[in-house]
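Coordinate analysis (summary)
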Amino acid sequence: MGLHKNFPKSPYEVIDPNLRWFPADEDLREQGYGKLLPPLVDSLRRKVNEWRNSDYAGATDTSRALLRYWFQTEHFLPLNDGNMYLFRYYFAQREAVETIIYLYEIAQVQDKYDLLRFDRSGAVSSGMFPEDWKRFVIKMATGSGKTKVLSLILAWSFFHKTYEENSTLARNFLVITPNIIVLDRIRTDFEGLKTFFHDPVLPPNGFEGRNWHDDFQLTLHIQDNISLVRRTGNIFLTNIHRVYESNNRESSFGDDDTSDYFLGAKPVSKTNESLVDLGDIVRDINELVVLNDEAHHIHDSKEWFKSIQDIHNRLLQKDSMLSMQIDVTATPKHDNGAIFVQTVSDYPLVEAIYQNIVKHPVLPDAASRAKLQERRSSKLSEKYQDYIHLGYLEWKKVYNEHLKMGKKAVLFLMTDDTKNCDELSTYLQNTYPELKGSVLVIHTKNNGEISESTTGKAKEELEKLRKEANDIDDVTSPYKAVVSVLMLKEGWDVRNVTTIVGLRAYSSKSNILPEQTLGRGLRRMYRDEEIAEPLSVVGTDAFMDFVESIKREGVILERRKMGEGSRPKSPLVVEVDEENVSKDIERLDIQIPILTSRIYREYKNLSNLNVASFGINKIKIKQFTEDEQREIIFKDISTEEISHITVLDSNFLVDYRSVIGYFTQVIMRELRLISGYDILYEKVKIFIVKYLFEEEVDLENLNILRNLSELEATKTIIQTFKKKINELTVQDKGEAEIRDYIQVSKCRPFVAKDQGYMVPKKSVFNKVIGDSQLELDFASFLENCDDIISYVKNYFAVHFKIDYVNSTGDISNYYPDFIIKKTIDEIYIVETKGLEDLDVPLKIKRLDQWCKDINSRQQNIKFDWVFVEQEEFEKYRPSSFEELLNNFSKYKDI
């Protein structure tokens, strides 16, 4: 079954449980519904959705504060260039965290019997849960941010145990990885607690009355590198083999066969002595949460499960217990394909692909595959020459496109044994000059773990191999292609694989899933989720049949023409057309002055806010019944219709301070105020008590708090404060200076989503992409204007923006649509518009002022502006730019 027609494209949008993918096809059901959809998930999605809509009713103060901060607060984080960007957690991450908190606090799940209440399949029994402690499995597609989920759950557990009197959670954490590569990846995020302070994990001190940053005291211990272990506040990041019983230590580089060391297979007895026994340490503490990354490995090894069980049993002996085990993985499946019954949250690959969180697998169409022939030869490179060449062509076509963006496309080829790896590497380097000295060979075992047993590499060589594999994305790395027995397994999470070539068959004995085969190539190269990134997959019939079995998971595989003459399958790259010999870039180039900001916010004025002078229409107090006073009403602000009602239980008390704090935070968030919470809180409180209603009110009165949930009161508070704060703090300096210039020809290349575009002759850019058909029509008009020299579409990458005060009174940025160079000393800024909105006259008025400021500061080039309204443009169709100036010169309100 495909996704529902109303399934949201944005990965940040809350997804209605009724829109989620499920295997509705009866044939799929007959193949085993339990292997496709986790049996607890559907029921839990609905319960968590209801709980989310109730504003997390029944949650502790700590949990509600964290959930509101993570998922209901805007987070602006710095970029390397000094600008800011809006960071948001994916809904998949949000739902996973919410589900864990819901199960702990609201459903109060204690064991497997409590979890069975959420089974809707009728096929789950208690015998399917081997553990007798709280264990929850989170299924998330590769690349959708499992590590961030672990960091949020870790912070929640720490603060819950710190702030909530009866919490049974923990402030010690055992973070388990299946191999060294995964450990190195998580170490990058956790070292120095970087992920907690860089990402918006920790609320700022003072948020809802807590000192979150000051209280977050944790020490990271990595493998045997253990510093002082305190009673609480420890993160033990380790390979699973470090927590095996002491007589089962992990293998080392000193072993005869070091493959087990490299990616953590079964431990062997011959080891170097460790300085400490991590297994003993984690068994000796009194509180612990286990966070298990790539957790499908837990059933690869009995020791893995037994180690966690032993830790739990040791805690029981001390009148404690393992607080919780959280497993995260993209493929929580047993060897027979059945999904772990403990799975409580599921973000499947089909949804991740649709929302562009990962790349889109693209296969050759039937015509392209028909051209491929398997030759009679015992030599792999000769036998599969057509397949290899097609993969090379697909990689080569996108290599230069990505290189323009500072990205290096990587070609990945899979063979069936290590001998063929070496032979294929030699063939590639001898056949394709650009791959000479650029092929990295990694010998792996049948299960995808790196093996060096046939090569006898020394410790230094193995470390170099691991570093080369991990650094292959870097443009400074010499490697452009990787040849391996199998696509490397978990942990090798590079982003730049654009083409996979499979020259081997798969068998069920290998216990490899198609999701794992594609998984290492699915991570995105670019940040913008609006841009779909393709992953070309080429291979033998047996390999392609294996890949196509992923359709059982709902994934719809795209097919395209491949090979000579086909269009590159890479994001659209817009760049200065330097290679076009027919363009005089210097003549076409446009220089745009950058002015200092006229509009600014004077934060110190906030203390002068006089709520007594707001002059609002006061609200009449409604009298609610006792039952109504316990209701929380949720209304759609745009339609003012009731969405739903949540009734609090009789023991639930509403603290008016949290209500005032809520309004204060909303106002600050919408105005992007970075300071002044204490001042604004008092202003909001006084306004509500003395001036919002027809009479002065007591905030301890539940009836008054119920009145504050009415839409009229909510809108009055928030909109009035926003308006008055803007009036008080937003200032116009009255003048502006030229501080720099934008040289359009210096614009760096950027990627755009796959869409219609035109190839211009009168622009420095190689493509003109319009946000609307009007913009493309206008660009086409400019191409035919003999009375202009050049023009540019004002892309965000040009960085030409003008500050202005929008219709809500807030400071915003305005990006005009086009810049036209009419003569060497005349430049026009053009705004095209279809449907007008309230901001149009404000933008045009500010544009007019901008041109006046420029012209008053220099006289070499005259700047002016034109407003082009769609209906008039389509009606009159001017034949020249001069005619357009005469008929569309000025906006009607200026």
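Values in this document were obtained by computation on a predicted structure and should not be read as measured data. (Residues numbered from 1 in each chain as written. Predicted model: local features only at pLDDT ≥ 70, side-chain atom pairs only at ≥ 80, totals over all residues. Heavy atoms only, no water.)

1. Some words on the overall build of the chain
Counting its regular elements, the chain contains 30 helices and 32 strands. Here the chain holds 894 residues, and 57% of them are scored as buried. Long-range contacts, defined here as pairs at least 24 residues apart, represent 73% of the contacts in the chain between residues at least 6 apart. Entry remark: accessible area of the chain is about 39300 Å², with carbon and sulfur atoms responsible for 45%. (Helix = DSSP H or I, 4+ residues; strand = E, 2+ residues; numbered from the N terminus. Buried < 20%, exposed > 50% of the residue type's maximum accessible area, 1.4 Å probe, protein only. Contact = heavy atoms within 4.5 Å. Areas by Shrake-Rupley, 256 points an atom, 1.4 Å probe, with all protein chains shown as cover.)

2. Describing the environment of Ser323
Mapping Ser323 onto the fold places it in the loop between α12 (302-317) and β8 (324-329). Judged by relative accessible area, which is 2%, Ser323 ranks as buried. Along the chain, Ser323 and Ala170 lie 153 residues apart, while their C-alpha atoms are 6.4 Å from each other. Not counting residues within four places of it along the chain, the set of residues in contact with Ser323 comprises Lys134, Thr168, Leu169, Ala170, Leu288 and Val289.

3. A short note on helix α24 (residues 677-692)
Buried within α24 we find Leu680, Tyr681, Lys683, Val684, Phe687, Ile688, Val689 and Leu692. Against the buried residues of α24 lie α23 (656-671), α25 (702-708) and α26 (711-729).

4. Focus: the environment of Asn580
With respect to the element layout, Asn580 can be found in the loop between β17 (572-574) and α21 (585-588). The exposure class of Asn580 is partly exposed, given its relative accessible area of 24%. Separated by 181 residues in sequence, Asn580 and Lys761 have C-alpha atoms that sit 9.7 Å apart. There is a polar contact of 3.2 Å between the side chain of Asn580 and the side chain of Asp577. (Polar contact = N/O pair within 3.5 Å; in protein donor to acceptor, adjacent residues only side chain to side chain.)

5. Topic: the packing of aromatic side chains
Scanning all chains against the criterion turns up 38 aromatic pairs. Their ring planes at 80 degrees and their centres at 5.7 Å tell us that Phe781 and Phe873 sit as a pair that is edge-to-face. In this pair, Phe781 is assigned in helix α27 (residues 773-783) and Phe873 in helix α29 (residues 870-876), connecting sequence segments 92 residues apart. Summarising the burial analysis for this pair, Phe781 and Phe873 share the class buried. Here a set of aromatic residues connected by ring pairs shows up, and it is made of Phe158, Phe159, Tyr163, Phe190, Phe196, Phe197, Trp212 and Phe216. Sitting above the plane of the Tyr12 ring, Arg88 keeps its charged end 4.0 Å from the centroid. (Phe/Tyr/Trp six-rings, centres within 6.5 Å; stacked < 30°, edge-to-face > 60°. Lys NZ or Arg CZ within 6 Å of the ring centre and 35° of its normal.)

6. Quick notes on the sheet that holds strand β6 (residues 234-239)
Read from one edge to the other, the open sheet built from 7 strands follows the order β5-β6-β4-β7-β8-β3-β9, with strand pairing classed as parallel. The outermost strands of the open sheet, each flanked by one partner alone, are β5 (219-222) and β9 (343-347). Strand-to-strand twist across the sheet, computed as the mean angle between neighbouring axes with direction ignored, equals 15 degrees. In this structure, strand β3 (residues 135-140) lies alongside β8, joined through 5 bridges in parallel fashion. (Pairing = 2+ DSSP bridges. Axes fitted to C-alpha atoms, helices over the stretch in contact; angles between N-to-C directions.)

7. Details of the pattern of salt bridges
For the coordinates displayed, the defined rule picks out 40 salt bridges. With a shortest N-O distance of 3.3 Å, Glu434 and Lys396 are connected by a salt bridge. In this pair, Glu434 is assigned in the loop between α17 (418-431) and β12 (439-442) and Lys396 in helix α16 (residues 385-403), connecting sequence segments 38 residues apart. The residue Glu727 makes a salt bridge to Lys723 at a minimum N-O spacing of 2.7 Å. Pair noted here: Glu727 and Lys723 are both in helix α26, with a separation of 4 residues, about one helical turn. Salt bridges linked by common partners bring Arg369, Asp541, Glu548 and Arg559 together as one network. (Salt bridge = Lys/Arg side-chain N within 4 Å of Asp/Glu carboxyl O.)

8. Quick look at the pairing of strand β15 (residues 534-539)
Of all the 6 residues making up β15, 6 are buried; the element is thus mostly covered by neighbouring parts of the structure. The side-chain alternation of β15 yields two buried faces, one formed by Pro534, Ser536 and Val538 and the other by Leu535, Val537 and Gly539. Summarising the sheet, strand β10 (residues 360-364) and β15 pair through 3 bridges and their orientation is parallel. Across the sheet, the residue bridging to Val362 is Ser536, located in β15.

9. Remarks on the pairing of strand β31 (residues 826-833)
The buried fraction of β31 is high, at 7 of 8 residues. Note that strand β30 (residues 818-823) and β31 share 5 bridges and pair antiparallel. Pairing of Thr823 across the sheet is with Glu826, part of β31. Where β30 folds back onto β31 in an antiparallel hairpin, the turn is made up of 2 residues.

10. Quick word on unusual backbone geometry
Phi at Glu208 takes a positive value of approximately 50 degrees, unusual for a residue other than glycine. For Glu208, a relative accessible area of 31% puts it in the partly exposed group. The backbone of Arg877 sits at a positive phi, close to 45 degrees, despite the residue not being glycine.

11. Topic: the side chain of Glu575
Along the chain, Glu575 falls in the loop between β17 and α21. Looking at Glu575, the relative accessible area reads 16%, which means it is buried.

12. Regarding the confidence of the model for the chain
Looking at the chain, pLDDT values average 82 and 84% of them are 70 or higher. Across the chain, the element-wise mean pLDDT spans from 40 in helix α10 (residues 259-263) up to 97 in helix α4 (residues 91-106). Scored below 50 in pLDDT, residues 245-275 makes 79 contacts in the model with residues more than four places away or belonging to other chains. Counting contacts from residues 451-457, a segment whose pLDDT is below 50, to residues more than four positions away or on other chains yields 13 contacts. (pLDDT = per-residue confidence, 0-100.)

13. Thoughts on helix α30 (residues 881-888)
In an α-helix, one turn spans 3.6 residues; hence positions three or four apart end up facing the same way. Taken as a whole, α30 has its buried residues at Phe881, Leu884, Leu885 and Phe888. All buried residues of α30 lie within an arc of 100 degrees about the axis, which places them on one face of the element. Facing away from the buried side of α30, by more than 90 degrees, are the exposed residues Asn886 and Asn887. (Arc of directions from axis to C-beta.)

14. Comments concerning the sheet that holds strand β13 (residues 481-484)
Strands in a sheet are paired, the pairing made by backbone hydrogen bonds, and the direction either parallel or antiparallel. The parallel open sheet is built from 7 strands, whose spatial order is β12-β13-β11-β14-β15-β10-β16. Two strands in the sheet have a free side with no partner beyond their single neighbour: β12 and β16 (558-560). Neighbour to neighbour, the strand axes of the sheet diverge by 25 degrees on average, direction disregarded. The pairing of strand β11 (residues 410-414) with strand β14 (residues 497-502) spans 5 bridges and is classified as parallel. Across the sheet, the residue bridging to Phe412 is Ile500, located in β14.

15. Quick look at the nonpolar core
Soluble, globular proteins show a tendency: their nonpolar side chains are buried together. Judged by nonpolar contacts, the single largest core of 104 residues is most densely connected at Trp70, Leu103, Trp156, Phe216 and Ile235. With 10 residues, the single largest contributor to this core is helix α6 (residues 146-163). Grouped together as the second largest cluster of nonpolar side chains are 65 residues, Ile585, Met758, Tyr814 and Phe881 included. (Core = buried A, V, L, I, M, F, W, Y, C linked by side-chain atoms within 4.5 Å.)

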